[in-house]
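Listed here are the chains, written in short residue letters.
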Amino acid sequence: MTASASDTSGKPRLFLTRRIPEPGYSFAQEAFSVTGGERDEPLAREPLLHGVAGAEAVISLLTEAIDDAVMAAAGSRLRVISNMAVGFDNIDVAAATKRGILVTNTPDVLTDATADLTWALMLSVARRVVEGDRMVREGGFQLWSPFLLLGRAVAGACLGIVGMGRIGQAVARRALGWDMRVVYTRISGPLAAGQVPAGARWQYRATVADVLQESDFVSLHVPLDPGTHHLIAARELGLMKPGSFLVNASRGPVVDEAALVASLRSGHLGGAALDVYEREPRLAVGLAELPNVVLLPHLGSATVETRGRMSELAVRNAIAAVRGEPVPHAVNPEVL
Ligand code: DGY
């Protein structure tokens, strides 16, 4: 159903680009006159342009590109685009700012889930969990062998983190339990001493190259923007230690996927574990055929608890914006 000018509920109009989980969905119905969001499937361009018309708030997901044309189609009543994700690379924030539209996101509530999944990826690729599972299912497991599916040690290894924000730090905190030294880099320089947990061995490095050269496992936690597109390409992969592992649960285009396939094929890298892809959901040619990769379908925040919190926060952001109240997580607060 599309918003129409004849709405009489008195509630502000919200357009949902796609179904969102509870409790956000019901919460949205209470606060807004809601259209859209009937189905859990990405919205095609035409229904998107049509659906946003006249909305004061839009709740979007990373499966829809919210560009200037969408904002123009929404019209002058649009106050807020609330993304149900921490990443907002699907939104043209500069265009929104120019139009005075607030963009919001859902950080914090998904930090632990994403850090947990990063660890699942790292352990899986290092200890060949997926290969082992496949072997057992396919009847290939004959008997224990001292040479069967040998992986690499995680405990005591060096973990490199590129992007030491909320999620990077949560991944690093978990490394304490594996007695790992952590080397990290971040755009805003070293963390303050008080941000490093007691007993943790976290060492700042000035460049991405320094982290790559030193780490047994490299985990990426940067947002996608023009500065991080192909941050890890052929040159950077070449800097990584022979036999080391790359883990990416951030955004696919941060890695040049064709270069990654070439590096894995050459035997330089020990393996890669990916939750995100450069041309999601398509994979680079050859990636799926490699045995030493673990591939997940963008599951970083995919727990019942986390998705519930994300949906609720996305609605809270939208409500605050239309009511002119303090907004929990504004991406472009300068428009306020
Ligand atoms: C995000 O929030 O940006 C994740 O990629 C999806 O939950």
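Criteria and cut-off values
Residues numbered from 1 in each chain as written. Predicted model: local features only at pLDDT ≥ 70, side-chain atom pairs only at ≥ 80, totals over all residues. Heavy atoms only, no water. 1 Å grid on protein atoms, 1.4 Å probe; cavity = no way out; pocket = protein on both sides within 12 Å on 5 of 7 lines; lining within 4 Å. Points joined across faces, edges and corners; volume = space filled by probe spheres on them. Helix = DSSP H or I, 4+ residues; strand = E, 2+ residues; numbered from the N terminus. Nonpolar A, V, L, I, M, F, W, Y, C, P; charged D, E, K, R; others polar. Buried < 20%, exposed > 50% of the residue type's maximum accessible area, 1.4 Å probe, protein only. Pairing = 2+ DSSP bridges. Right-handed = clockwise from strand over helix to strand, strands pointing away. Axes fitted to C-alpha atoms, helices over the stretch in contact; angles between N-to-C directions. Contact = heavy atoms within 4.5 Å. Domains from an automatic or database assignment. Buried area = accessible area lost by both parts, 1.4 Å probe. Salt bridge = Lys/Arg side-chain N within 4 Å of Asp/Glu carboxyl O. Polar contact = N/O pair within 3.5 Å; in protein donor to acceptor, adjacent residues only side chain to side chain. Parallel < 35°, antiparallel > 145°, perpendicular 65-115°, else oblique.

So, empty space enclosed by the protein
Counted by the stated rule, this structure contains 1 cavity of 30 Å³ or more. Taken as a whole, the largest cavity encloses approximately 50 Å³ of empty space. As for the largest cavity, its lining consists of Ser-124, Val-125, Arg-128, Val-130, Glu-131, Pro-291, Asn-292, Val-293 and Val-294. Of all the elements in the fold, those that place two or more residues in the lining of the largest cavity are helix H5 (111-126), helix H6 (129-137) and strand S12 (293-295). Across the lining of the largest cavity, the residue classes break down as 5 nonpolar, 2 polar and 2 charged.

Here we look at the pairing of strand S11 (residues 271-274)
Of the two faces of S11, both are covered, the one formed by Gly-271 and Ala-273 as well as the one formed by Ala-272 and Leu-274. Inspection of the sheet shows strand S10 (residues 245-248) paired to S11 by 4 bridges, in the parallel sense. Within S11, the residue paired with Leu-246 across the bridge is Ala-272. Remark: the S10/helix H10 (residues 257-266)/S11 crossover connection has right-handed handedness. In this structure, S11 lies alongside S12, joined through 3 bridges in parallel fashion.

Regarding the sheet that holds strand S9 (residues 217-220)
The strand order across the open sheet built from 7 strands is S8-S7-S6-S9-S10-S11-S12, with neighbouring strands paired in parallel fashion. One side of each edge strand has no neighbouring strand; the edge strands of this open sheet are strand S8 (201-204) and S12. The mean angle between the axes of side-by-side strands here comes to 15 degrees, regardless of whether they run parallel or antiparallel. Sheet analysis places strand S6 (residues 158-162) next to strand S7 (residues 181-185), joined by 5 bridges and oriented parallel. When the bridges of S7 are listed, Val-162 appears paired with Thr-185.

Examining the environment of Met-122
With respect to the helices and strands, Met-122 occurs in helix H5. In this structure Met-122 comes out as buried when scored by relative accessible area, which is 0%. C-alpha of Met-122 to C-alpha of Asn-248: the two residues are 126 residues apart in sequence and 9.4 Å apart in space. Apart from the residues within four sequence positions on either side, Met-122 is in contact with Val-154, Leu-159, Met-180, Phe-217 and Val-247.

Digging into the domain arrangement of the protein
Domain boundaries in the protein define domain 1 (3-109 + 304-335) and domain 2 (111-295). Between the C-alpha centres of domain 1 and domain 2 the distance comes to 33 Å. Between domain 1 and domain 2, the contact holds 7 residues from the first and 5 residues from the second. Broken down residue by residue, the surface that domain 1 buries against domain 2 is led by Leu-62, Asp-89 and Asp-108, which jointly contribute 62%. Summed over the shared surface of domain 1 and domain 2, the number is 2 salt bridges. Residues Arg-166 and Asp-108 are paired through a salt bridge, measuring 2.6 Å at the closest nitrogen-oxygen approach. The tally of links from domain 1 across to domain 2 stands at 3 residue pairs in polar contact (both at pLDDT 80 or more).

Some remarks on the packing of helix H1 (residues 24-31) against helix H11 (residues 304-323)
In the contact formed by H1 and H11, the axes pass within 8 Å of each other and the chain directions differ by 20 degrees. The pairing of H1 with H11 is recorded here as roughly parallel in orientation. On H11, the residues that touch Gly-24, Phe-27, Ala-28 and Ala-31 of H1 are Ser-311, Glu-312, Val-315, Arg-316, Ile-319 and Arg-323. Residue classes in the contact of H1 with H11 are distributed as 5 nonpolar, 2 polar and 3 charged.

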